[in-house]
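A structural walkthrough
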Amino acid sequence: MTQFFFALTNVEAEPILKQEIRLRYPELRMSYSRPGFITFKADNDSTFDPLFCRVSGVCLGKFKLSELGTERAWAYPVHSKLELPVSLKALSDQSLFKKGETVRLIVMAGADEFWVCSYVLKSHHFQTPGETSSILPREVPSRAYYKIAEAYEAFDLPFEQQETVLELGSAPGGASLFLLEQDLKILGVDPADMDPAILKRINFKQLRKPFETLAPEDFRSDVDWIISDINLPPTVVLKEVFRLLTFLGPRGLILTLKMNDLKHLEVVASIREQLRKQGFRKVELKYLPSHKKEICLLALHD
Ligand SMILES: C[S@@+](CC[C@H](N)C(=O)[O-])C[C@H]1O[C@@H](n2cnc3c(N)ncnc32)[C@H](O)[C@@H]1O
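Within each chain, residue numbers correspond to sequence positions counted from 1 in written order. Selection of residues for local features in this predicted model requires a pLDDT of at least 70, selection of side-chain atom pairs for listing and counting requires 80 or more, and totals for whole chains, interfaces and linings are taken over all residues. The basis for every side-chain value is the complete set of non-hydrogen atoms in the structure, without hydrogens or water.

1. Considerations on the overall build of the chain
The helix and strand tally for the chain stands at seven helices and 14 strands. In terms of overall size, the chain behaves like a compact globule, its C-alpha atoms giving a radius of gyration of 21 Å where 302 residues would be expected to give roughly 19 Å. Judged by the C-alpha coordinates and their principal axes, the chain covers about 65 × 40 × 30 Å. Relative accessible area decides the class of each residue, using a 1.4 Å probe on protein chains only: under 20% of the type maximum gives buried, over 50% gives exposed, and in between gives partly exposed. Evaluated residue by residue, the chain yields a buried proportion of 54% over its 302 residues. Residues are treated as being in contact if the distance between any of their heavy atoms lies within 4.5 Å. Intrachain contacts of the chain at a sequence separation of at least 6 include 63% that bridge at least 24 residues. Working note: accessible area of the chain is about 14,500 Å², and carbon and sulfur atoms make up 52% of it. Taken as two groups, the 39 positive and 40 negative side-chain charges of the chain have centres that lie 2 Å from each other. A run of H or I in DSSP becomes a helix once it reaches four residues, and a run of E becomes a strand once it reaches two; helices and strands are each numbered from the N terminus. C-alpha atoms define the radius of gyration in this analysis, and the globule rule sets the expected value at 2.2 Å times the number of residues to the power 0.38. Shrake-Rupley sampling with a 1.4 Å probe provides the accessible areas, and residues are treated as covered by the protein chains on show and by no other component. His is not counted, nor are the chain ends; Lys and Arg add positive charge and Asp and Glu add negative charge. For this purpose, a charge sits on NZ of Lys, CZ of Arg, CG of Asp or CD of Glu.

2. Points about the pairing of strand 8 (residues 164-168)
Counted residue by residue, strand 8 has five buried out of five residues, so it is predominantly covered. What you see with strand 8 is no split at all: Thr164, Leu166 and Leu168 on one side and Val165 and Glu167 on the other are buried throughout. The definition of a right-handed crossover adopted here requires that, viewed with the strands pointing away, the path from the first strand over the helix to the second runs clockwise. Handedness of the crossover joining strand 8 and strand 9 (residues 185-189) through helix 4 (residues 174-181): right-handed. Examined bridge by bridge, strand 8 and strand 11 (residues 225-228) share four bridges and lie parallel to one another. Paired with leucine 168 across the strands is serine 228, a residue of strand 11. Note: two strands are recorded as paired if DSSP finds a minimum of 2 bridges between them.

3. Some remarks on the packing of aromatic side chains
Think of it this way: a Phe, Tyr or Trp ring, Trp meaning its six-membered ring, pairs with another when their centres are within 6.5 Å, and the plane angle makes it stacked under 30 degrees, edge-to-face over 60, tilted otherwise. Taken as a whole and assessed by the stated rule, the structure comprises 15 aromatic pairs. Here the aromatic rings of phenylalanine 6 and tyrosine 119 are separated by 6.5 Å at their centres, their planes lie at 55°, and the arrangement is tilted. Taken together, the residues span a long stretch of sequence, with phenylalanine 6 in strand 1 (residues 3-8) and tyrosine 119 in strand 7 (residues 113-120) at a distance of 113 residues. On the basis of relative accessible area, phenylalanine 6 is assigned to the buried category, the value being 0%. Their ring planes at 50° and their centres at 6.1 Å tell us that phenylalanine 219 and phenylalanine 247 sit as a pair that is tilted. Taken together, the residues span a long stretch of sequence, with phenylalanine 219 in the loop between strand 10 (204-207) and strand 11 and phenylalanine 247 in the loop between helix 6 (234-244) and strand 12 (252-258) at a distance of 28 residues. Residue phenylalanine 247 is classed as partly exposed on the basis of its relative accessible area of 26%. An aromatic cluster is present here, built from Tyr145, Tyr146, Tyr152, Phe159, Phe178 and Trp225 joined pairwise through their rings.

4. Structural notes on the site of the ligand
Here a residue counts as near a molecule or strand whenever at least one of its heavy atoms sits within 4 Å of it. Neighbouring the ligand are 22 residues, the closest being Ser142, Gly169, Ala175, Asp190 and Glu212. Polar contact is the term for a pair of N or O atoms within 3.5 Å; when the atoms are in protein, one must be able to donate a hydrogen and the other to accept it, and sequence-neighboring residues count only if both atoms are side-chain atoms. Contact distances for the ligand include 2.9 Å between an oxygen atom and a backbone N or O atom of glycine 173. In this structure, an oxygen atom belonging to the ligand sits 3.4 Å away from a side-chain N or O atom of asparagine 231. Starting from 600 Å² of accessible surface for the ligand in isolation, the protein chains cover 83%. Grouping the constituent residues of the shell around the ligand by class yields 11 nonpolar, six polar and five charged. Lys, Arg, Asp and Glu make up the charged group, whereas Ala, Val, Leu, Ile, Met, Phe, Trp, Tyr, Cys and Pro make up the nonpolar group; the residues left over, Gly among them, are polar.

5. Structural notes on empty space enclosed by the protein
A pocket here means an open set of points on a 1 Å grid, computed over the protein atoms alone, that has protein on both sides within 12 Å along at least five of seven lines. A cavity is instead a set of points where a 1.4 Å probe fits but cannot get out; residues with an atom within 4 Å of a point line either one. Grid points are joined across faces, edges and corners, and a volume is the space filled by probe spheres set on the points. By the definition in use, this model includes one cavity of 30 Å³ or more. Looking at the largest cavity, its volume works out to about 80 Å³. Looking at the largest cavity, it is lined by 13 residues, and the ones nearest its centre are Lys147, Ile148, Ile227, Ser228 and Thr256. It is helix 3 (residues 144-155) that provides the largest number of residues to the lining of the largest cavity, a total of four residues. Grouping the constituent residues of the lining of the largest cavity by class yields eight nonpolar, three polar and two charged.

6. Some words on the domain arrangement of the chain
In many analyses, interface size is given as the accessible surface area lost on bringing the parts together. Taken domain by domain, the chain holds domain 1 (3-131) and domain 2 (144-300). In this entry, domain limits derive from an automatic or database-based domain assignment. Each of domain 1 and domain 2 has a C-alpha centre, and the two are 30 Å apart. On the side of domain 2, 19 residues touch domain 1, which itself brings 18 residues to the contact. Here domain 1 and domain 2 share an interface that buries about 1,600 Å² over both sides, 72% of which is from carbon and sulfur atoms. Broken down residue by residue, the surface that domain 1 buries against domain 2 is led by Leu51, Phe52 and Phe126, which jointly contribute 38%. Counted as salt bridges are all cases of a side-chain nitrogen of Lys or Arg within 4 Å of a carboxyl oxygen of Asp or Glu. The interface formed by domain 1 and domain 2 holds one salt bridge in total. Residue glutamate 131 is joined to lysine 286 by a salt bridge in which the shortest nitrogen-to-oxygen separation is 2.9 Å. Taken together, the links from domain 1 to domain 2 amount to five residue pairs in polar contact (both at pLDDT 80 or more). Along the lines of polarity and charge, the residues of the side of domain 1 that touches domain 2 split into eight nonpolar, six polar and four charged. Defined here as a combined quantity, buried area equals the accessible surface (1.4 Å probe) lost by two parts on assembly, summed across both.

Below is the structure:
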């Protein structure tokens, strides 16, 4: 039976998403698309759960505004120049969906062009139309603030007060700011300059060196979390993180894997198994709303 699927992603991740679909779902054919919104056609029953998108699910077809009805729905315009009709905006604002429920998502792609889609709202989803960020914009040292704030919300990260975070690639300090706000202690590793406001904080210490040179004597206390936002290929970051795990025993890893080359998809495909072998019981990957060509990897022991 022919069916259609949809994916909403950030435009920077579209080439990776398309490559992922080619590799993982070779039976699917690309159908309608607009920047950030792609539909795929399957000729047989198929499952669809790609990584490199904010949200994905079933696409039920194209409708005009007059055909949409008043059933509970979230509405999302695919680009900022499109303004939702008042009635649809009101319907979307009033509609609530709980985790486990099927969301009816109306994607506005043109003046009177609405694609009705549906997906199950899972625990790691944001409760926003189009799976956009729920973190309000503010003045922060870098975009990394939003990435870790979104990961915290999506994964319900179990940080405890005064735990120690080893933050690899910490400059200029967006993520450090968020972690300090959670009352964590940060050991930031980066040869580059930190924001002076972060350096002043009593719970922040910097090791100004490449993470490849970290050794057991650099650590005076236990490390509870390893976080990385290093702008190097995933193979390099993972190799070093595995080396650090030979002398550090964190509860969890939160790694932003940079996907600057399509060949990194293979690494991502095999990483869950590798981390499970290392004793991490929960391993998840999520493309966050603030992501560009990257993905968040979470690995937890408990
Ligand atoms: C995307 S930025 C990190 C942003 C940062 N997490 C924040 O919250 O503002 C990547 C960082 O990785 C650092 N980096 C690159 N190679 C590194 C290495 N070998 N060791 C440590 N840091 C490195 C860069 O200096 C850069 O500051």
